[in-house]
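Here's the letter readout for the chains.
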Amino acid sequence: MQDWSWMEHLTVPILIFERGQLARWNQAAHDAWPFLEQGFAWDDFRSSWTADWIVHLHPWSNGESFLVECHPDLTRPVAERLQEMREAYEELELIFSEAFDEVFVTDGKGITIRVNRAAERLYGLRQEDLIGRSVFDLERQGVFYPSVIGLALKLRRQVTVLQTTSDGTQLWATANPVFDSSGEIRLVISTAKEISDIVRPDAATPEPMRREADGDDQPPNMVAHSPGMRRVFHIAKRVARTDISCLLLGETGVGKSTLAEWIHRISPRQHGPFVQVNCAALPDSLLESELFGYESGAFTGALKSGKPGKVELANGGTLFLDEIAEVPLHLQGKLLDFVERRVLTRIGGTRVHKVDARIIAATNRDLKQMVRDGRFRADLYYRLTGVEIEIPPLRNRKEDIPEIVQQLLRQVISEFETKVRRVHPAVIRRLEQYSWPGNVRELEHLIRRLVILSDGDCILLSDLRDEWIDEVPPSEASSSEGPLAQLAQLERALYADAASRLRTTYEIAEALGVSQSTVVRKLKKYGLSIKRM
């Protein structure tokens, strides 16, 4: 007779079925299923166990009996615990990332291992530009000074200091070293709170912006901190009180049309129409009809009723002739006749139309030189230049850039759904260093692009990595004089040396402490390539 006592020594349930009926079972099985009894059917037992058990069948050689071995399923609680841990980790990550104050974590040697978004905003660098960098290197480069983490590592205790960033922002920073069981510093955790204002559109409105509210001191879309722009607005205000012809001069993108419209808005003609004609936007064959209109049947395709030109439509208001230098010589005589007598005759007509309109013209060309070259009529030039107002280019009024940026930022924020709410001061300083050949229009396009492409709530210096504003202008790079040319030569030599020694752009980026995309752009700029080993 077979001895079944060994079953009682097992802590897992063991059951034996013969011809489909329960024959024997141990105490562990009884504890798990108290309802078991002799002759209990296998099919009934199989339907009674839950997913908490893993069951193994061991058939005997006779084919009619089998042993059932049962083990608790330990994977389910482990999986549930892992899910709980994952959710807790994600929650901690969210808290860490979205904390308004800076959180900066390094290892025991001062190598950055974690930073949150506030750190990006305060230092003007992305996480990938900070992680892996030594705080001592960042301190030497002026990203912050002094390094509160560096002091905590040296003193081996909590340290609180007043820390200054590269743009002058002051932080109240505290660093706490975390020690391991052997007394070595394992981590240093730093938190910092900003105590100085950063540039943001919702900050207190400066005095010049408050003056803007009355609408008379300067155009709502232009800024005048610089002496040159203040003089422009002073002259424009005085001109606006009269009907004298006015010629606006300045490079493309400085805001000539905005200034012309403002002059009209604060003039006695403000309730009349403001009609703008871009003389460069139409071919010569259409410009005359656009300006002076035509009578019925004047040419093939003309409306039967005829059509008044832009000059007539400006009656009682202001006619703004933009790009006046592009008017061809054969039309300049007819335009002169109107400027002198304020009368015109439509194309194909004989009736004289009297028009009461104030004339403002604008150009980015040198009209005086065009007069000397015979490409612009001198009499028309003198008639148009009752008063000349020259708007300085943006590179000559860089003190206006911070407020222009904030003005443009507010405008773009109102047009798009975006998280961006501020521009880091380091970005403003970089914008002030650029020459802006496209003037305010170029700056506007840049701000729009940065707002649309930025992932955070602050435009950072690293957002400019794929822009051109940090490049040396060709005219300066090609010159053999000046610090910019020397800097460009030094930078090229630095990248050339790195490209000759290292195998990938990632290795070069790590060696030089810049992003990989910056390396790619610089190598392309200087015509360099990596020498494969």
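Before going into details, it helps to say that this report is about the structure given with it. (Residues numbered from 1 in each chain as written. Predicted model: local features only at pLDDT ≥ 70, side-chain atom pairs only at ≥ 80, totals over all residues. Heavy atoms only, no water.)

1. Points about the sheet that holds strand β5 (residues 102-107)
Next, step 1: A sheet is described by the order of its strands in space; here 6 strands give the open sequence β6-β5-β10-β9-β8-β7, paired in antiparallel fashion. Edge positions in the open sheet fall to β6 (112-115) and β7 (144-145), since each of these has one partner strand only. (Pairing = 2+ DSSP bridges. Helix = DSSP H or I, 4+ residues; strand = E, 2+ residues; numbered from the N terminus.)

2. What to know about the pairing of β6
Next, step 1: When β5 meets β6, the two strands line up antiparallel, connected through 3 bridges. Bridged to Thr 106 within β6 is Thr 112.
Next, step 2: Connecting β5 to the antiparallel partner β6 that follows it, the hairpin turn spans 4 residues, and Gly 110 within it adopts a positive phi of roughly 90 degrees.

3. Some words on the nonpolar core
Next, step 1: By size, the foremost hydrophobic cluster in this structure holds 31 residues, and its most contacted members are Leu 321 and Ile 324.
Next, step 2: Elements with a contribution of two residues or more to this core: β11 (246-249), β12 (274-278), α11 (284-292), β13 (318-322), α13 (329-341), β16 (358-363), α14 (367-372) and α15 (378-384).
Next, step 3: Counting 24 residues, the second-largest nonpolar core is a separate cluster that includes Leu 408, Leu 409, Ile 428 and Leu 450. (Core = buried A, V, L, I, M, F, W, Y, C linked by side-chain atoms within 4.5 Å. Buried < 20%, exposed > 50% of the residue type's maximum accessible area, 1.4 Å probe, protein only.)

4. What to know about the layout of surface pockets
Next, step 1: The computed volume of the second largest pocket comes to approximately 600 Å³.
Next, step 2: Lining the second largest pocket are 25 residues, with Asn 221, Gly 255, Ser 257, Thr 258 and Glu 444 sitting closest to its centre.
Next, step 3: Broken down by element, the residue count for the lining of the second largest pocket peaks at 6 residues, all from helix α10 (residues 256-265).
Next, step 4: When grouped by side-chain class, the residues that make up the lining of the second largest pocket number 9 nonpolar, 8 polar and 8 charged. (1 Å grid on protein atoms, 1.4 Å probe; cavity = no way out; pocket = protein on both sides within 12 Å on 5 of 7 lines; lining within 4 Å. Points joined across faces, edges and corners; volume = space filled by probe spheres on them. Nonpolar A, V, L, I, M, F, W, Y, C, P; charged D, E, K, R; others polar.)

5. Comments concerning unusual backbone geometry
Next, step 1: For the bond from Tyr 145 to Pro 146, the omega torsion is -10 degrees, close enough to zero to count as cis.
Next, step 2: Within the secondary structure layout, Pro 146 lies in the loop between β7 and α7 (148-155).
Next, step 3: Despite not being glycine, Arg 19 has its phi angle at roughly 50 degrees, a positive value.
Next, step 4: Position of Arg 19 among the secondary structure elements: in the loop between β1 (14-18) and β2 (21-25).

6. Some points on the pattern of salt bridges
Next, step 1: Taken as a whole, this structure holds 22 salt bridges when the rule is applied.
Next, step 2: Asp 43 is paired through a salt bridge with Arg 46; the nearest N and O atoms lie 3.2 Å apart. Of the two residues, Asp 43 and Arg 46 are both situated in helix α2 (residues 42-48); the distance of 3 residues between them amounts to about one turn of the helix.
Next, step 3: Judged by its relative accessible area of 44%, Arg 46 falls in the partly exposed class.
Next, step 4: The residue Arg 383 makes a salt bridge to Glu 340 at a minimum N-O spacing of 3.4 Å. (Salt bridge = Lys/Arg side-chain N within 4 Å of Asp/Glu carboxyl O.)

7. Describing the sheet that holds strand β4 (residues 65-72)
Consider a sheet: its strands pair through backbone hydrogen bonds, and that pairing is either parallel or antiparallel.
Next, step 1: Taken in spatial order, the 4 strands of this open sheet run β2-β1-β4-β3, and their pairing is antiparallel. One side of each edge strand has no neighbouring strand; the edge strands of this open sheet are β2 and β3 (53-59). Strand after strand, the sheet turns through a mean of 30 degrees between neighbouring axes, direction not considered.
Next, step 2: Relative to β4, β3 runs antiparallel, the two being bridged by 7 bridges. Along β4, the bridge assignment pairs Trp 53 with Pro 72. (Axes fitted to C-alpha atoms, helices over the stretch in contact; angles between N-to-C directions.)

8. Concerning α7
Next, step 1: Along α7, the positions that sit buried rather than exposed are Val 148, Ile 149, Gly 150, Ala 152 and Leu 153.
Next, step 2: At its buried positions, α7 is contacted by β5, α6 (135-140), β8 (159-165), β9 (170-179) and β10 (185-194).
Next, step 3: Positioned one or two residues after α7, Arg 156 has a phi angle of 60 degrees, which is positive. (Contact = heavy atoms within 4.5 Å.)

9. Some thoughts on the packing of α11 against α13
Next, step 1: Running from N to C, α11 and α13 point in directions that differ by 10 degrees, and their axes come no closer than 11 Å. By the angle between their directions, the pair α11 and α13 is classed as roughly parallel. Along its contact with α11, which presents Asp 284, Leu 287, Glu 288 and Phe 292, the element α13 presents His 330, Leu 331, Lys 334, Leu 335 and Phe 338.
Next, step 2: Here the contact of α11 with α13 is composed, by residue class, of 5 nonpolar, 1 polar and 3 charged. (Parallel < 35°, antiparallel > 145°, perpendicular 65-115°, else oblique.)

10. Some details on a nonpolar patch on the surface
Next, step 1: On the surface, a nonpolar cluster with roughly 310 Å² of combined accessible area is contributed by Phe 416, Ile 452 and Leu 453.
Next, step 2: Position of Leu 453 among the secondary structure elements: in helix α18 (residues 439-453).
Next, step 3: Leu 453 gets classed as exposed once you look at its relative accessible area, which sits at 62%. (Patch = residues over 30% accessible without salt bridge, like charges linked within 9 Å, V, L, I, M, F, W, Y side chains within 5 Å. Areas by Shrake-Rupley, 256 points an atom, 1.4 Å probe, with all protein chains shown as cover.)

11. Overview of the packing of aromatic side chains
For any two aromatic rings, the description comes down to two numbers: the centre-to-centre distance and the angle of the planes.
Next, step 1: Inspection of the entire model under this criterion finds 15 aromatic pairs.
Next, step 2: Geometrically, the ring pair formed by Phe 17 and Phe 45 is tilted, given 5.9 Å between the ring centres and 40 degrees between the ring planes. A residue pair is termed long-range when its members are at least 10 positions apart, and Phe 17 in strand β1 and Phe 45 in helix α2 qualify at 28 residues. A single burial state applies to Phe 17 and to Phe 45, both of which are buried.
Next, step 3: When the centroid spacing of 5.0 Å and the interplanar angle of 85 degrees are considered together, the rings of Trp 33 and Phe 45 count as edge-to-face. Of the two residues, Trp 33 sits in the loop between α1 (27-32) and α2 while Phe 45 sits in helix α2, which places them 12 residues apart along the sequence. Per residue, the accessibility class of Trp 33 equals that of Phe 45, and both read buried.
Next, step 4: An aromatic cluster is defined as three or more aromatic residues linked by ring pairs; in this entry it consists of Phe 17, Trp 33, Trp 42, Phe 45, Trp 53 and Phe 66.
Next, step 5: Looking at Arg 342, its charged tip hangs above the ring of Phe 338, at a distance of 5.8 Å from the centre. (Phe/Tyr/Trp six-rings, centres within 6.5 Å; stacked < 30°, edge-to-face > 60°. Lys NZ or Arg CZ within 6 Å of the ring centre and 35° of its normal.)

12. Here we look at the pairing of β5
Next, step 1: Among the 6 residues that make up β5, 5 are buried, leaving the element largely enclosed by the rest of the structure.
Next, step 2: In the sheet, β5 pairs with β10 via 6 bridges, with the strands oriented antiparallel. Counterpart to Glu 102 in the pairing with β10 is Ala 192.

13. Focus: the packing of helix α16 (residues 401-415) against α18
Next, step 1: Interhelical geometry of α16 versus α18 gives an angle of 50 degrees and a closest axis separation of 10 Å. If you check the angle between α16 and α18, you find them oblique. Considering the relative orientation of α16 and α18, their crossing is right-handed. Together, Ile 404, Val 405, Leu 408, Leu 409, Gln 411, Val 412 and Glu 415 of α16 and Val 440, Leu 443, Glu 444, Ile 447, Arg 448 and Val 451 of α18 make up the contact between the two elements.
Next, step 2: A breakdown of the residues in the contact of α16 with α18 according to their chemical character gives 9 nonpolar, 1 polar and 3 charged. (Left-handed = near helix turned anticlockwise from the far one by under 90°.)

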